[in-house]
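Observations on chain architecture
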Amino acid sequence: MTSLLVTNVGELVTWDDERPILSDAAFVVEGGRVSWFGTRAEAPAADTVRDVAGAAVIPGFVDSHTHLVFAGDRSAEFNARMAGQPYAAGGIRTTVAATRAATDEQLTATIARHLAEMRMQGTTTIEIKSGYGLTVHDEARSLAIAQQFTEETTFLGAHVVPEDTDLPTYVDLVTGPMLEKCSPYARWIDVFCEQGAFAEDEARTVLKAGMAAGLLARIHANQLGFGPGVQLAVELGAAAADHCTYLTDADIDALASSDTVAGLLPGVEFSTRQPYPDARRLLDAGVTVSLATDCNPGSSYTSSMPFCIAVAVRDMGMSPREALWSATKGGARSLRRDDVGHLSIGARADYAVLNAPSFIHLAYRPGVPLVSSVG
Ligand SMILES: [Zn+2]
């Protein structure tokens with residue numbers, strides 16, 4: 001096994017319990033894992049040496065919420081929204097029509113293109129949801145395609161009720177034949193619990209059916225208004241309640257006393273011109289927070305975790321350090337992973353080298369391509 005010493009690291013973020021951030025640092029990679037880190041002066045010899053000339057090195061981003069299996073473009077809808085039209089959950093149906101009409105090759109190529117874009121911006125772990133097929137065949141093929149790119153695949157048949165059916169019939173389909181066909185390709189079950197999508201009872205039915213089939217639960221909750229989604233996530237022990245834009249004190253208390261991660265997706269509020277979630281309130285209550293892109297063609301067509309960090313710092317009350325933690329280790333918690341999102345000993349050596357002396361530049365220099373390479 002050959003070893004690589006990455007040295008002359010101006011600032012190394014490990015999130016290790018004892019030394020979470022080091023200056024003038026180095027680390028060693030062996031067999032794809034971090035085998036040593038410390039100050040540059042203490043660094044051991046290795047087979048190969050890479051000098052990063054004082055750059056900051058951070059854990060690769062863990063984007064715990066994306067909808068990358070899609071076709072089509074909704075720039076006209078965005079344009080109308082910026083002219084004052086409100087966002088509604090029904091816009092999803094536009095992408096459903098385009099996705100059903102696309103070939104497997106087209107869907108695969110679209111994911112590959114977006115993943116390359118994400119990697120250039122420092123993302124090394126990604127979750128991908130289905131949810132633009134909404135037939136047994138189209139949901140199953142969406143997940144089979146997604147699984148070629150990541151083990152973190154999520155069955156989101158309960159994204160919105162398709163036009164040609166009614167709610168009870170569709171819930172029966174999602175929790176019956178569709179789940180049966182999709183569960184072999186998925187690790188997670190998800191539901192869009194929102195006005196205009198699925199109400200509390202249907203959301204509970206969907207998640208419980210998925211859990212009974214061996215999937216782990218996560219949920220889209222409290223995005224467009226106050227609602228039952230967050231409490232349902234906690235009740236079912238879901239790994240993540242994502243969005244969390246409208247929360248009562250009781251919702252925050254429930255999250256704080258649970259293992260459920262609150263996933264904040266600031267690209268959505270940016271792109272739909274809605275109020276941002278209050279990250280400060282969550283953090284002060286002791287809730288574990290993740291940051292993700294929610295990359296999708298309707299409500300948040302960004303693939304950039306640095307962009308999400310910049311918005312979270314500027315407008316959601318997070319410090320740059322908190323935002324980076326949420327975009328890396330917080331994302332890993334959301335996916336119940338302990339091998340990614342950090343660079344302590346034994347972690348996967350997924351890291352991003354920044355064209356900057358400190359991770360603070362991720363928020364300080366918004367919109368600037370700061371990731372110079374990904375390891
Ligand atoms: Zn989403």
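Everything discussed here concerns the structure shown above.
Note that the structure is predicted; figures quoted are calculated from it, not measured.

1. Considerations on the overall build of the protein chain
- The helix and strand inventory of the protein chain stands at 14 helices and 16 strands.
- What you see for the protein chain is a C-alpha radius of gyration of 20 Å, in line with the 21 Å of a compact globule of 375 residues.
- Across the 375 residues of the protein chain, 56% fall into the buried class.
- Contacts in the protein chain between residues far apart in sequence, at least 24 positions, make up 70% of those at least 6 positions apart.
- As displayed, the protein chain has an accessible area near 14,400 Å², and 51% of this comes from carbon and sulfur atoms.
- Of note, the protein chain has its 28 positive side-chain charges centred 3 Å away from the centre of its 45 negative side-chain charges.

2. Remarks on the packing of aromatic side chains
- Across all of its chains, the model carries 5 aromatic pairs by this definition.
- On the numbers, 6.5 Å between centres and 35° between planes, the contact of Tyr 170 with Phe 198 is tilted. Remark: Phe 198 occurs in the loop between strand E10 (188-193) and helix H6 (200-212) and Tyr 170 occurs in helix H5 (residues 167-182); sequence separation between them is 28 residues. For the pair formed by Tyr 170 and Phe 198, the shared burial category is buried.
- Arranged with centres 5.6 Å apart and planes meeting at 70°, the rings of Phe 226 and Tyr 246 form a pair that is edge-to-face. Of the two residues, Phe 226 sits in the loop between strand E11 (216-221) and helix H7 (229-236) while Tyr 246 sits in the loop between strand E12 (240-243) and helix H8 (249-256), which places them 20 residues apart along the sequence.

3. Focus on the coordination of the zinc ion
- His 65 (NE2), His 67 (NE2), His 220 (NE2) and Asp 294 (OD) make up the full set of protein donors to the zinc ion, lying at 2.0 to 2.5 Å.
- Geometry at the zinc ion is irregular, judged from the 4 donor atoms that bind it and their angles of 81 to 171° at the metal.
- Positions of the donor residues of the zinc ion along the chain correspond to the pattern H-x1-H-x152-H-x73-D. You can see His 65 sitting in the loop between strand E6 (61-63) and helix H1 (75-82) and its partner Asp 294 sitting in the loop between strand E14 (289-291) and helix H11 (305-315), a full 229 residues away along the chain. No difference in accessibility class separates His 65 from Asp 294, as the two residues are buried.

4. Points about empty space enclosed by the protein
- Inspection of the entire model under this criterion finds 2 cavities of 30 Å³ or more.
- Of the voids in this model, the second largest cavity is the one considered here, and its volume is about 30 Å³.
- What lines the second largest cavity is Gln 223, Leu 224, Thr 245, Val 268, Glu 269, Thr 272 and Gln 274.
- Of the residues assigned to the lining of the second largest cavity, the class counts are 2 nonpolar, 4 polar and 1 charged.

5. With respect to the state of the cysteines
- A full pass over the atoms with the stated rule returns 0 disulfides.
- Cysteine Cys 193 remains unbridged, with the sulfur of Cys 244 as its closest cysteine sulfur at 12 Å.
- A residue is classified by how much of its surface remains accessible, and Cys 193, at 4% relative accessible area, is buried.

6. Points about the packing of H11 against helix H12 (residues 320-327)
- At a minimum axis distance of 9 Å, the contact between H11 and H12 shows a crossing angle of 140°. Put simply, H11 runs oblique to H12. Crossing handedness for the pair H11 and H12: right-handed. Facing Met 305, Ile 309, Ala 312 and Val 313 of H11, the residues of H12 in contact are Pro 320, Ala 323, Leu 324 and Ala 327.

7. Things to note about unusual backbone geometry
- For His 243, which is not a glycine, the phi torsion comes out positive at approximately 100°.
- You can see His 243 is positioned in strand E12.
- By relative accessible area, which is 1% here, His 243 ends up buried.
- The backbone phi angle of Cys 244 is positive, close to 50°, even though this residue is not glycine.

8. What about H7?
- Among the residues of H7, those classed as buried are Gly 229, Val 230, Leu 232, Ala 233 and Leu 236. For H7, the buried positions fall inside an angular range of 160° around the axis, keeping them on one side.
- Turning to H7, the residues buried within the fold contact E10, H6, E11, E12 and H8.
- Positioned one or two residues after H7, Gly 237 has a phi angle of 70°, which is positive.

9. Re the environment of Thr 205
- If you trace the backbone, Thr 205 turns up in helix H6.
- For the pair Thr 205 and Val 174, spaced 31 residues apart in sequence, the C-alpha to C-alpha distance is 9.8 Å.
- Not counting chain neighbours up to four residues away, the residues in contact with Thr 205 comprise Val 171 and Thr 175.
- Polar contacts involving the side chain of Thr 205 include one to the main-chain carbonyl oxygen of Asp 201, which spans 2.9 Å.

10. Description of the packing of H7 against H8
- Direction vectors running N to C along H7 and H8 enclose 25°, while the axes themselves pass 9 Å from each other. Regarding the angle of H7 to H8, the classification is roughly parallel. When you trace H7 past H8, the crossing you get is left-handed. In this structure, H7 uses Val 230, Gln 231 and Val 234 to contact H8, whose residues at the interface are Ala 250, Asp 251, Ala 254 and Leu 255.
- For the contact of H7 with H8, the residue count by class is 5 nonpolar, 1 polar and 1 charged.

11. Digging into the pattern of salt bridges
- Within the structure shown, the criterion is met by 18 salt bridges.
- Glu 77 serves as the salt-bridge partner of Arg 81, at 3.2 Å between the closest nitrogen and oxygen. Of this pair, Arg 81 and Glu 77 both sit in helix H1, 4 residues apart, roughly one helical turn.
- Its relative accessible area of 5% is what places Arg 81 among the buried residues.
- For Asp 249, the salt bridge goes to Arg 281, with nearest N and O atoms at 3.0 Å. Remark: Arg 281 occurs in helix H10 (residues 279-284) and Asp 249 occurs in helix H8; sequence separation between them is 32 residues.
- Residue classification places Asp 249 among the exposed residues on the basis of a relative accessible area of 54%.
- Here the salt bridges share partners, and the residues they tie into one network are Glu 152, Arg 187, Arg 337 and Asp 339.

What counts and what doesn't
Along each chain, residue indices are assigned from 1 in the same order as the chain's sequence is written. Given that the model is predicted, a residue must reach a pLDDT of at least 70 before its local features are reported, and side-chain atom pairs must reach 80 or more before they are shown or counted; all residues, however, enter totals for whole chains, interfaces and linings. Computation of side-chain values: all heavy atoms of the structure, hydrogens and water removed. In this text, helices come from DSSP runs of H or I with a minimum length of four residues, and strands from runs of E with a minimum of two, each type numbered from the N-terminal end. Within these notes, the globule rule equals 2.2 Å times the number of residues to the 0.38 power, and the radius of gyration is based on C-alpha atoms. Buried, partly exposed and exposed residues are distinguished by accessible area as a fraction of the type maximum, computed with a 1.4 Å probe on protein chains only: under 20%, between the cut-offs, and over 50%, respectively. By definition in these notes, contact holds between two residues if any of their heavy atoms fall within 4.5 Å. In these tables, accessible area is a Shrake-Rupley quantity obtained with a 1.4 Å probe, and a residue counts as shielded only by the protein chains included in the view. Asp and Glu are treated as the negative residues and Lys and Arg as the positive ones, with His and the ends of the chain left uncounted. One atom stands in for each charge, and that atom is NZ of Lys, CZ of Arg, CG of Asp or CD of Glu. Working definition: a ring pair exists when centres of Phe, Tyr or Trp rings (six-membered ring for Trp) sit within 6.5 Å. Plane angles under 30 degrees give stacked, over 60 give edge-to-face, the rest tilted. Sodium, potassium and calcium take a 3.2 Å donor cutoff, other metals 2.8 Å, and in both cases only N, O and S atoms count; water is not among them, so sites may look incomplete. Key to geometry: four donors with every angle between 85 and 135 degrees are tetrahedral; four donors are square planar and six octahedral where opposite donors lie over 155 degrees apart and all remaining angles lie between 65 and 115; all other sites are irregular. A pocket here means an open set of points on a 1 Å grid, computed over the protein atoms alone, that has protein on both sides within 12 Å along at least five of seven lines. A cavity is instead a set of points where a 1.4 Å probe fits but cannot get out; residues with an atom within 4 Å of a point line either one. Grid points are joined across faces, edges and corners, and a volume is the space filled by probe spheres set on the points. Three residue categories are used. Nonpolar comprises Ala, Val, Leu, Ile, Met, Phe, Trp, Tyr, Cys and Pro, charged comprises Asp, Glu, Lys and Arg, and polar comprises the others, including Gly. Cysteine sulfur atoms are paired as a disulfide whenever they come within 2.5 Å of each other. Axes, fitted as lines to C-alpha atoms, cover a helix only where it is in contact. Angles between the N-to-C directions of the axes lie from 0 to 180 degrees. Orientation labels follow simple angle bins: below 35 degrees gives roughly parallel, above 145 gives roughly antiparallel, 65 to 115 gives roughly perpendicular, and whatever is left gives oblique. In this scheme, a crossing is called left-handed if the near helix is turned counterclockwise away from the far one by less than a right angle; it is called right-handed if the turn is clockwise. To be clear, the arc concerns the directions from the helix axis to the C-beta atoms. Each polar contact in these results corresponds to two N or O atoms within 3.5 Å; when the atoms are within protein, one needs to be able to donate a hydrogen and the other to accept it, and residues that are neighboring in sequence are counted only if both atoms are side-chain atoms. Any Lys or Arg side-chain nitrogen found within 4 Å of a carboxyl oxygen on Asp or Glu counts as a salt bridge.

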